[in-house]
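Overview (structure and organization)
Single-letter residue listing:
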Amino acid sequence: MGTTRFFIYEIPFNEMNKLLSNLPITTKFILWFLVIAVVPLAIATKISYDSSRNALVDEISNSLLAVADNKTNQIAAYLYEKERNATTLSQMSDVVAAVEKFNKAVTEFGAYSPEYIEVDNEFRPFFSYYQKSFDYSNLYLVNSDSDVIFSVKGLRNVSSLYELALYKKSQMAEVFVRSIKSLKVEISDFEYSSEEEEGVLYIGSPVLKGSELVGVLILQMNNAGVSKLAQDYTSLGETGEIILASKIEKEAVFIAPVRFDANAAFQRKVQLGSNEGTDVQDAVQGKEDSRVSVDYRGNEVLMVLRHIPSFRWGMIVKMDTAEVIASANRLRMTLYKISFVLLIFVIVMAVMIAHSMSKPIKELTKISETIAAGEFSARAKIHGDDEIGILARSFNVMTDKLVAAKASV
């Protein structure tokens, strides 16, 4: 095996050595100068590019981490504020009184009776004010028996949220059930409402009279607020964007538009456990890290994954790697241009130096050929005291001695 390897590599080496040995000395000088210049330039360019690229990737990674942490805090603060609003409103004495009066009017007279309309006229301005002030899309009152007894946008055609929870997957029904069990504020997952034609979630807060549960205040919120936060691309350049996704049943669902797909909310979905959209799947399932991956557009991106556990959401902050390393690529092109100019300079210098060194050697070679032809009067020109000059002087001495020896014969 060793002999074969030697045979394979020996032939090209011998051929190359033979080829170089047959080249004129000027060409050899130029080739050696090029090798000496090209290798360091190539190494320097590679080191400079890699260093610049790594520095940029680290800088952008840190920037994406900062944006992700800041955006997570903003979204959490936004939703906590919505929860606090629900708590504050449900504890107002007017809300307790409204639940009792609406419940009495519904159970004793019916939802469309004059008695109900009278109560509705009394409290509707109050609830409409807070619904708009707190920026909710709707507000509901539900009695302890799960009947919807009031809605700012009008009563829903739902007799019981218990029945809705039993027969249909409903986030409103689920948040009601959780609120009366925990007796504290609960927030649902997002769901797409065909009636509203938008994504909605529900915040349920128990309404207590002393220690007695009299009903639940349910606030409906669309995705406009979180979408506005997600669409703030400050510090994310030209290609950066933020993906917010929620785990809804067995899918990871985009709950806000993204930069390159304004219709992504509740339209882009990834089946959990599938081979597609693994980054979004990881985010909604609680993984947090930084990675280089391929996004939904098929572009290579640098991304940061974050999980918002209180609301069971996943977030991805990302930027195209092409934009991340754009400065490094520009630096590489600049280095290529500089290297090209330097190579031209090296070639010119190599030609000049090779010519100055090879000229006396060529002259000496020509004189030796003349003397070999029988012209013993020819003498080599001495251009200096360097090695070539010494060689020319020695050659002349040798020629003189040869002429003297021939004369004495």
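Residues numbered from 1 in each chain as written. Predicted model: local features only at pLDDT ≥ 70, side-chain atom pairs only at ≥ 80, totals over all residues. Heavy atoms only, no water.

Side note on a nonpolar patch on the surface
A cluster of nonpolar residues, Phe340, Val341, Ile344, Phe345, Ile347, Val348, Met349, Val351 and Met352, forms a patch on the protein surface that exposes about 810 Å² of accessible area. Here Val341 lies in helix α10 (residues 326-372). Note on Val341: relative accessible area 54%, which makes it exposed. (Patch = residues over 30% accessible without salt bridge, like charges linked within 9 Å, V, L, I, M, F, W, Y side chains within 5 Å. Areas by Shrake-Rupley, 256 points an atom, 1.4 Å probe, with all protein chains shown as cover. Salt bridge = Lys/Arg side-chain N within 4 Å of Asp/Glu carboxyl O. Helix = DSSP H or I, 4+ residues; strand = E, 2+ residues; numbered from the N terminus. Buried < 20%, exposed > 50% of the residue type's maximum accessible area, 1.4 Å probe, protein only.)

Here we look at the packing of helix α3 (residues 93-109) against helix α4 (residues 114-133)
Geometrically, a packed helix pair is captured by the angle between its two axes and the distance between the axes. Two numbers describe how α3 lies on α4: the axes approach to 9 Å, and their chain directions differ by 155°. Classified by the angle between their axes, α3 and α4 sit roughly antiparallel to one another. For the pair α3 and α4, the sense of crossing is left-handed. Contacts between α3 and α4 involve Asp94, Val95, Ala97, Ala98, Lys101, Phe102, Ala105, Val106 and Phe109 on the former and, on the latter, Glu115, Tyr116, Val119, Asp120, Glu122, Phe123, Phe126 and Phe127. Within the contact of α3 with α4, the residues separate by chemical class into 12 nonpolar, no polar and 5 charged. (Axes fitted to C-alpha atoms, helices over the stretch in contact; angles between N-to-C directions. Parallel < 35°, antiparallel > 145°, perpendicular 65-115°, else oblique. Left-handed = near helix turned anticlockwise from the far one by under 90°. Contact = heavy atoms within 4.5 Å. Nonpolar A, V, L, I, M, F, W, Y, C, P; charged D, E, K, R; others polar.)

Regarding the packing of aromatic side chains
The final tally for this structure, using the stated rule, is 14 aromatic pairs. With centroids separated by 5.0 Å and ring planes inclined at 75°, the aromatic side chains of Phe126 and Phe127 adopt a geometry described as edge-to-face. The same class applies to Phe126 as to Phe127, namely buried. Between Tyr130 and Phe134, the ring centres sit 5.6 Å apart and the planes meet at 50°, which makes this aromatic pair tilted. Taken individually, Tyr130 and Phe134 each receive the classification buried, so the pair is uniform in this respect. Members of the aromatic cluster, connected to one another through ring pairs, are Phe102, Tyr116, Phe123, Phe126, Phe127, Tyr129, Tyr130, Phe134, Tyr136 and Phe150. The aromatic ring of Tyr136 is capped on one face by Lys82, whose charged end is 4.9 Å from the ring centroid. Looking at Arg297, its charged tip hangs above the ring of Phe260, at a distance of 4.2 Å from the centre. (Phe/Tyr/Trp six-rings, centres within 6.5 Å; stacked < 30°, edge-to-face > 60°. Lys NZ or Arg CZ within 6 Å of the ring centre and 35° of its normal.)

Details of the sheet that holds strand β9 (residues 269-271)
The strand order across the open sheet formed by 6 strands is β9-β8-β7-β12-β11-β10, and the pairing between neighbours is antiparallel. This sheet does not close on itself; its edge strands, each paired only once, are β9 and β10 (290-294). Looking at each pair of strands side by side, their axes are set apart by 30° on average, direction ignored. (Pairing = 2+ DSSP bridges.)

Some details on the environment of Arg312
For Arg312, the location among the structural elements is in the loop between β11 (300-308) and β12 (313-320). Residues Arg312 and Ser188 lie 124 residues apart in sequence; the distance between their C-alpha atoms is 9.4 Å. Apart from the residues within four sequence positions on either side, Arg312 is in contact with Arg178, Ile187, Ser188, Asp189, Ser246, Lys247 and His307. Within the structure, the side chain of Arg312 is placed 2.8 Å from the side chain of Asp189, a separation counted as a polar contact. (Polar contact = N/O pair within 3.5 Å; in protein donor to acceptor, adjacent residues only side chain to side chain.)

A closer look at α3
The terminal C-alpha atoms of α3 lie 24 Å apart, and with 17 residues this matches the ideal 24 Å at 1.5 Å per residue to within 8%. Among the residues of α3, Val95, Val96, Ala98, Val99, Phe102 and Ala105 are the ones counted as buried. Gly110 occupies a position one or two residues after α3 and carries a positive phi of about 105°. (Expected span 1.5 Å × (residues − 1).)

What to know about the pairing of strand β5 (residues 198-209)
In terms of residue burial, β5 counts as a mostly covered element, since 9 of its 12 residues are buried. Looking at chain direction, strand β3 (residues 186-187) and β5 are connected through 2 bridges and run antiparallel. Residue pairing for β5: Glu186 is matched across the bridge by Gly204. The sheet contact formed by strand β4 (residues 191-193) and β5 spans 3 bridges and is antiparallel. Residue pairing for β5: Ser193 is matched across the bridge by Glu198. Taken together, the 10 bridges between β5 and strand β6 (residues 212-222) define a ladder with antiparallel strand orientation. Note that in β6 the partner of Ser205 across the bridge is Leu217.

Here we look at unusual backbone geometry
In this structure, Leu183 is a non-glycine residue whose phi angle is positive, near 55°. By the secondary structure assignment, Leu183 is in the loop between α6 (171-182) and β3.

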